[in-house]
Amino acid sequence: MLKIAVLVSGGGTNLQAIIDAVETGTISNTKIEVVISNNKNAHALERARQKGIEALCISPKDYESRAEFNKEFLEKLNTYEVDLVVLAGFLVVIPEEMIAKYRNRIINIHPSLIPSFCGTGYYGLKVHEAALARGVKLTGATVHFVDEGTDTGPIILQKAVAVEPEDTPEILQRRVMEQAEWKILPEAINLIANGKVSVENGHVKIGG
Ligand code: GAR
């Protein structure tokens with residue numbers, strides 16, 4: 001059984017997709033141990049509690065220094081002894097100590113086709129604003145392992161989504177979620193839970 005922690009900052013639609021996929025069996029062999037948010041008002045926490053999943057908040061704002069927060073954050077996560085950490089719209093930089101301890105065991109969903117529209121400053125609606133500003137005809141979403149860079153880790157899955165002429169950032173964001181994010185994030189977790197994902201020379205191999 002793959003034990004996972006899901007880290008969230010906002011509405012939690014990706015968390016909901018994971019919860020639903022575990023319930024329906026689209027994700028097998030997996031248990032959500034805990035949902036952690038940096039924002040106590042995140043609706044995602046409510047979604048977890050409604051399903052009886054442990055949900056807690058740990059915020060940098062409650063600590064005197066980032067170093068102190070990072071230490072507490074790692075210690076708190078460690079208590080759940082999870083096999084995989086899923087960043088589902090989590091907008092806090094992951095401490096380097098956490099990346100080192102959970103090497104190739106942290107995955108992130110990003111709302112573009114990496115390496116387009118990613119890196120520092122590209123999150124949430126900003127990604128879709130940038131895609132529309134550039135005039136791309138295709139965008140999408142990417143699930144990748146988290147390394148020390150921003151959106152630079154090995155890519156696990158990607159799915160393309162068409163941009164339509166009348167799109168606003170909000171409309172495009174919703175389409176990317178519906179057609180890509182809510183599908184490939186559960187799919188990636190299911191592949192990992194069933195031993196189908198390995199990393200070799202910095203690249204992901206699927207199968208086996
Ligand atoms: C999602 O679109 C996710 O891809 C994005 O934040 C949104 C969270 O929505 N993540 C990033 O931009 C990370 N760089 P949700 O809370 O409804 O799942």
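See the structure printed just above.
Nothing here was measured: the structure is a model prediction, and the numbers come from that model. (Residues numbered from 1 in each chain as written. Predicted model: local features only at pLDDT ≥ 70, side-chain atom pairs only at ≥ 80, totals over all residues. Heavy atoms only, no water.)

A separate point is the nonpolar core. Counting 44 residues, the largest nonpolar core has Val 6, Val 35, Ile 107, Ile 156 and Ile 189 as the members making the most contacts within it. A total of 10 residues in this core trace back to one element, the largest contributor, which is helix H6 (residues 169–193). The residues contacting Val 6, other than those within four sequence positions of it, are Leu 15, Ile 18, Ile 32, Val 34, Val 35, Ile 36, Val 86 and Ala 88. Among the nonpolar cores identified, the runner-up in size contains 22 residues, and Ala 5, Ile 36, Ile 58 and Val 92 belong to it. (Core = buried A, V, L, I, M, F, W, Y, C linked by side-chain atoms within 4.5 Å. Buried < 20%, exposed > 50% of the residue type's maximum accessible area, 1.4 Å probe, protein only. Helix = DSSP H or I, 4+ residues; strand = E, 2+ residues; numbered from the N terminus. Contact = heavy atoms within 4.5 Å.)

Time to look at the pairing of strand E2 (residues 30–37). Within a regular strand, side chains alternate between the sheet's two faces. Most of E2 is tucked away, with 7 of its 8 residues classed as buried. By the bridge criterion, 7 bridges tie strand E1 (residues 2–8) to E2 in an arrangement that is parallel. Note that in E2 the partner of Leu 7 across the bridge is Ile 36. In terms of handedness, the path from E1 via helix H1 (residues 13–24) over to E2 forms a crossover that is right-handed. Once you follow E2 into helix H2 (residues 43–50) and on to strand E3 (residues 54–57), the crossover reads as right-handed. (Pairing = 2+ DSSP bridges. Right-handed = clockwise from strand over helix to strand, strands pointing away.)

In this section: the environment of Cys 57. Here Cys 57 shows up in strand E3. Sequence spacing of Cys 57 and Ser 112 is 55 residues, and the spatial spacing of their C-alpha atoms is 27 Å. If near-sequence neighbours (up to four positions away) are discounted, Cys 57 is found in contact with Ser 37, Asn 38, Asn 39, Lys 40 and Leu 45.

Running from N to C, H1 and H6 cross one another at 50°; their axes reach a closest spacing of 9 Å. Looking at the two axes, H1 sits oblique to H6. The handedness of the crossing between H1 and H6 is right-handed. Together, Thr 13, Asn 14, Ala 17, Ile 18 and Ala 21 of H1 and Met 177, Glu 181, Trp 182, Leu 185, Pro 186 and Ile 189 of H6 make up the contact between the two elements. Here the contact of H1 with H6 is composed, by residue class, of 8 nonpolar, 2 polar and 1 charged. (Axes fitted to C-alpha atoms, helices over the stretch in contact; angles between N-to-C directions. Parallel < 35°, antiparallel > 145°, perpendicular 65-115°, else oblique. Left-handed = near helix turned anticlockwise from the far one by under 90°. Nonpolar A, V, L, I, M, F, W, Y, C, P; charged D, E, K, R; others polar.)

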